[in-house]
Amino acid sequence: MLGDPIAHSLSPVLHRAGYAAVGLQWEYDAVRVPAGGLAWFVAGLGEEWRGLSVTAPLKREAMILADVVSDRVTLAGAANTLLMAGGEVHADNTDLPGAVAAIRERYDGPIGDALILGAGATAASTGLALAELGATRIAIAARSASRASDTVAAIARHPSRPQIRVLDLATVELHDEGIVVSTIPVVAQTPGLVARVGDVAVLFDVVYDPWPTPLALAASRTLVSGLDLLVHQAALQFTAFTGIAAPLAAMRAAGEAALRERSR
């Protein structure tokens, strides 16, 4: 797992648990790679490397340096998975299908109007997941309209062509939205924001540490957690790297145990 910061990442816990469950003697570590350093890191890898998981702030760099990109990467404008195959670097985005799987695991009803808090790469992937699930109108709450431009462009590329509008994060409140997806950190989940958007049918908070977040505590109906997303996107990476069906239960149990240990 590459990114900056990276020490908090649960990805090594999940992937190592998966390898152990299927009897693979593979290694998976977290390495701090700051913005601008991904190409240098990849250039120094040996032939024994199979793949890389990539998080902020490297997801757009990962897309740019790849030799081959998946349709999901093209849609999202970002990659979180790099696969070394036949001397080429292949880029994929498992955040998008991972978000679809995470939502459907907890909620099987219709997805109508949606609100996304935040406007980064994860907002783009989850916005595309919402469109995949049938959302026709998606609002993006950002600190400024300019910050949301890449995310708006990504979601607008979805074949369903959802209607998209940008709102001010400081004043946003619920209207007809049945699902709220939060991609903002805990520090930005102010009491005022929680009061305005927390009473929603489905709340999906992509944060997993610390947990529960202020928004998660306010959820009174269906709650989708950041761990749900992390496990599903990691399971898709696991299969891409190994060619083996991911042991989802073992990976989830390891993640839950690690979070419990952190909370002590």
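Data block above holds the structure.
Quantities reported herein were computed from a predicted structural model and do not represent experimental measurements.

## Observations regarding the overall build of the chain
In terms of regular secondary structure, the chain is built from eleven helices and twelve strands. With the principal axes as the frame, the chain shows a C-alpha extent of 50 × 40 × 30 Å. Taken over 264 residues, the chain has a buried fraction of 50%. Counted over contacts in the chain with a minimum sequence separation of 6, partners at least 24 positions apart contribute 62%. Separation of charge centres in the chain, based on 20 positive and 26 negative side chains, amounts to 4 Å.

## What to know about the sheet that holds strand E12 (residues 222–224)
On the basis of which strands lie adjacent, the open sheet formed by six strands has the order E9-E8-E7-E10-E11-E12 and parallel pairing. Lying at the two open borders of the sheet, with one neighbouring strand each, are strand E9 (163–168) and E12. On average, each strand axis in the sheet is tilted by 20 degrees relative to the strand beside it, whichever way the strands run. Bridge count between strand E7 (residues 114–117) and strand E10 (residues 179–182): four bridges; the pairing is parallel. Across the sheet, isoleucine 116 pairs through a bridge with valine 181, a residue of E10.

## Observations concerning the environment of proline 5
Tracing the chain through its elements places proline 5 in the loop between strand E1 (2–3) and helix H1 (11–22). By relative accessible area, which is 58% here, proline 5 ends up exposed. Along the sequence, proline 5 and valine 31 sit 26 residues apart, while their C-alpha atoms lie 9.2 Å from each other.

## As for the environment of leucine 52
Within the secondary structure, leucine 52 is located in strand E3 (residues 51–53). Taking the C-alpha atoms as reference, leucine 52 lies 40 Å from histidine 175; in sequence the two are 123 residues apart.

## So, the packing of helix H5 (residues 95–106) against helix H6 (residues 121–132)
Running from N to C, H5 and H6 point in directions that differ by 55 degrees, and their axes come no closer than 8 Å. As judged from the angle between their axes, H5 and H6 are oblique. Along this stretch, H5 crosses H6, giving a crossing that reads as right-handed. Taken together, the residues of H6 that come into contact with H5 (itself represented by Asp95, Leu96, Ala99, Val100 and Ile103) are Ser125, Thr126, Leu128, Ala129, Leu130 and Glu132. Looking at the contact of H5 with H6 residue by residue, the class counts come to seven nonpolar, two polar and two charged.

## Considering H6
In this model H6 runs 17 Å from its N-terminal to its C-terminal C-alpha over twelve residues, within 8% of the 16 Å that 1.5 Å per residue would give. With ten of twelve residues buried, H6 is to be regarded as a mostly interior element. Those residues of H6 lying buried are Ala121, Ala123, Ala124, Ser125, Thr126, Gly127, Leu128, Ala129, Leu130 and Ala131. Glycine 134 lies just past H6 and shows a positive phi near 110 degrees.

## Thoughts on the sheet that holds strand E4 (residues 68–69)
Taken together, four strands build an open sheet; the order of strands is E3-E5-E6-E4 and the sheet is mixed. Since the sheet does not close on itself, it has two edges, and those belong to E3 and E4, each with one partner. Where E3 lies against strand E5 (residues 81–85), three bridges are found, and the strand directions are antiparallel. Across the sheet, the residue bridging to serine 53 is threonine 81, located in E5. The sheet contacts of helix H10 (residues 226–242) involve E3 and E5, and relative to E5 the element is tilted by about 10 degrees.

## Some remarks on the packing of aromatic side chains
Counted under the stated rule, the structure contains three aromatic pairs. Judged by centre distance (5.6 Å) and plane angle (55 degrees), the rings of tyrosine 19 and tryptophan 26 are tilted. Taking relative accessible area as the criterion, tyrosine 19 reaches 3% and is therefore assigned buried. An aromatic cluster of three or more residues is present, and its members are Tyr19, Trp26 and Phe238.

## Quick word on the pattern of salt bridges
Applying the stated criterion across every chain, the model contains eleven salt bridges. Two residues, aspartate 228 and arginine 106, come together in a salt bridge whose shortest N-O distance is 2.8 Å. Remark: arginine 106 occurs in helix H5 and aspartate 228 occurs in helix H10; sequence separation between them is 122 residues. Counted as one network, the salt bridges with shared partners bring together Glu105, Arg106, Asp228 and Arg252.

## Concerning the side chain of aspartate 92
Secondary-structure assignment places aspartate 92 in strand E6 (residues 88–92). With residues up to four places along the chain from it excluded, the contact list for aspartate 92 reads Ser70, Arg72, Val73, Ala79, Asn80 and Thr81.

Procedures and definitions
- Residues numbered from 1 in each chain as written.
- Predicted model: local features only at pLDDT ≥ 70, side-chain atom pairs only at ≥ 80, totals over all residues.
- Heavy atoms only, no water.
- Helix = DSSP H or I, 4+ residues; strand = E, 2+ residues; numbered from the N terminus.
- Buried < 20%, exposed > 50% of the residue type's maximum accessible area, 1.4 Å probe, protein only.
- Contact = heavy atoms within 4.5 Å.
- Lys, Arg positive; Asp, Glu negative; His and termini not counted.
- Charge placed at Lys NZ, Arg CZ, Asp CG, Glu CD.
- Pairing = 2+ DSSP bridges.
- Axes fitted to C-alpha atoms, helices over the stretch in contact; angles between N-to-C directions.
- Parallel < 35°, antiparallel > 145°, perpendicular 65-115°, else oblique.
- Left-handed = near helix turned anticlockwise from the far one by under 90°.
- Nonpolar A, V, L, I, M, F, W, Y, C, P; charged D, E, K, R; others polar.
- Expected span 1.5 Å × (residues − 1).
- Phe/Tyr/Trp six-rings, centres within 6.5 Å; stacked < 30°, edge-to-face > 60°.
- Salt bridge = Lys/Arg side-chain N within 4 Å of Asp/Glu carboxyl O.

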